[in-house]
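# Structural overview for review
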2 protein chains.
Amino acid sequence: MVRMTEQRRVIYEILSREAWHPTVDELFLEAKKSLPRISQATVYRNIEALIQDDLATKIVGLNGPARFEKTKAPHAHFECRSCGAIKDIFIDTECINSIMDNKEIQQCATETIVVKLLGLCQVCRETNI
Amino acid sequence: MVRMTEQRRVIYEILSREAWHPTVDELFLEAKKSLPRISQATVYRNIEALIQDDLATKIVGLNGPARFEKTKAPHAHFECRSCGAIKDIFIDTECINSIMDNKEIQQCATETIVVKLLGLCQVCRETNI
DNA sequence: CTTGCAAATGATAACAGTTATCGTTAAGGT
DNA sequence: ACCTTAACGATAACTGTTATCATTTGCAAG
Ligand SMILES: [Mn+2]
Ligand SMILES: [Mn+2]
Ligand SMILES: [Zn+2]
Ligand SMILES: [Zn+2]
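If you're wondering where the values come from, they're calculated on a predicted model, not measured in any experiment.

## Brief notes about the packing of helix 2 (residues 24-34) of chain A against helix 3 (residues 40-52) of chain A
Residue and element names in this part refer to chain A. It is at 9 Å that the axes of helix 2 and helix 3 come closest, and there the two elements cross at 115°. Here the hand of the crossing between helix 2 and helix 3 comes out right-handed. Counted together, Val-24, Asp-25, Leu-27 and Phe-28 of helix 2 and Gln-40, Val-43, Tyr-44 and Ile-47 of helix 3 form the full contact between these two elements. Classifying every residue of the contact of helix 2 with helix 3 gives six nonpolar, one polar and one charged.

## Observations concerning the interface of chain A and chain B
The partner chain B presents 33 residues to the 33 residues of chain A that form the contact. Carbon and sulfur atoms supply 58% of the area that chain A and chain B bury against each other, a total of about 2800 Å² over both sides. Taken together, the links from chain A to chain B amount to four salt bridges. Where B:Glu111 meets A:Arg81, a salt bridge forms, and the shortest distance between an N and an O atom there is 2.8 Å. The interface formed by chain A and chain B includes 13 residue pairs in polar contact (both at pLDDT 80 or more). A per-element tally of the side of chain A that touches chain B places strand 5 (residues 109-120) of chain A first, with twelve residues. Residue classes in the side of chain A that touches chain B are distributed as 17 nonpolar, eight polar and eight charged.

## Some remarks on the coordination of the manganese ion (ligand 2)
All names here are of chain B. Distances from the manganese ion (ligand 2) to its protein donors, His-21 (NE2), Glu-69 (OE), His-75 (NE2), His-77 (NE2) and Asp-88 (OD), fall at 2.0 to 2.4 Å. In the primary structure, the donors to the manganese ion (ligand 2) are separated according to the pattern H-x47-E-x5-H-x1-H-x10-D. Of the two residues, His-75 and His-77, neither departs from the other in class, the shared state being buried.

## Considerations on the coordination of the manganese ion (ligand 1)
Residues and elements named next belong to chain A. On the protein side, the manganese ion (ligand 1) has His-21 (NE2), Glu-69 (OE), His-75 (NE2), His-77 (NE2) and Asp-88 (OD) as donor atoms, found 2.0 to 2.3 Å from it. Of note, the manganese ion (ligand 1) draws all its donor residues from one chain, in the sequence arrangement H-x47-E-x5-H-x1-H-x10-D. Of this pair, His-77 sits in strand 3 (residues 76-80) while Asp-88 sits in strand 4 (residues 86-89); the two residues are eleven residues apart in sequence, bridging distant segments of the chain. An identical accessibility class is assigned to His-77 and Asp-88; each is buried.

What counts and how
- Residues numbered from 1 in each chain as written.
- Chains lettered and ligands numbered in written order.
- Predicted model: local features only at pLDDT ≥ 70, side-chain atom pairs only at ≥ 80, totals over all residues.
- Heavy atoms only, no water.
- Axes fitted to C-alpha atoms, helices over the stretch in contact; angles between N-to-C directions.
- Helix = DSSP H or I, 4+ residues; strand = E, 2+ residues; numbered from the N terminus.
- Left-handed = near helix turned anticlockwise from the far one by under 90°.
- Contact = heavy atoms within 4.5 Å.
- Nonpolar A, V, L, I, M, F, W, Y, C, P; charged D, E, K, R; others polar.
- Buried area = accessible area lost by both parts, 1.4 Å probe.
- Salt bridge = Lys/Arg side-chain N within 4 Å of Asp/Glu carboxyl O.
- Polar contact = N/O pair within 3.5 Å; in protein donor to acceptor, adjacent residues only side chain to side chain.
- Donors = N, O, S within 2.8 Å, 3.2 Å for Na, K, Ca; no water.
- Buried < 20%, exposed > 50% of the residue type's maximum accessible area, 1.4 Å probe, protein only.

Here it is as structure tokens:
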């Protein structure tokens, strides 16, 4: 049986904040504010459970820890190749459809399409000159 | 100064084999066949150097070690969510162009577009029923 | 209410993948 | 031949994640 615990509720609530793609550590530090005794293991466990229930999505970058977000309408991500920051990009649904309109893809059992844009974020461009 | 060593030449040659997206460990085991004294550290170092020279590309999956390939014409990847296997998918260039034709993307300093398809590969579908 | 049970937790050990360190090797220029 | 130094091999250190286990917690039967 799966229980909706206070820990999971808090983690999901943090994840629901807009325009944020926190790591496990960031979720942990935020969760500690309301649940001072929470463990990192609990964050790993609950984020995994939320993913199984399709309430959360895992985002992997080229380096560093995985990031997570509340599952929402399909969208793309811009990833900074320097600091790993993630930014939502809302591309036209028609673009996704045109990708799916491909014989090879339809033969594979494709469940999800991930579109990622790589580059240097504004902060890193200004910092490193 | 950057030297073209025998180790790097061998690693690049292995990477050049078609339709393969090896991990560092797989590259290491292959390289050992011709260079029995090679170290894993050398594979990590050289794959990194090849990436800097844009001769190799890193591919990260949802789990497991990174995979690599010789840099070639832009294409998409199908990734099995169970075994992590990678398969090349050649999508229409027009799809990529239509994604790039987006105000938000053009404002970001986008350098690369990564398109990944997630699902269960044929092997895993047949194995797990 | 107690009590019993199983799910979930917190703490922490173990693991996997990667990066850093360091003494040694060897390529290439003089 | 000798010198310089990039690159090497071995391995320690580090980071992110998963596994383990004793303890706690929420629920339900008695
Ligand atoms: Mn997002
Ligand atoms: Mn490929
Ligand atoms: Zn950045
Ligand atoms: Zn598979």
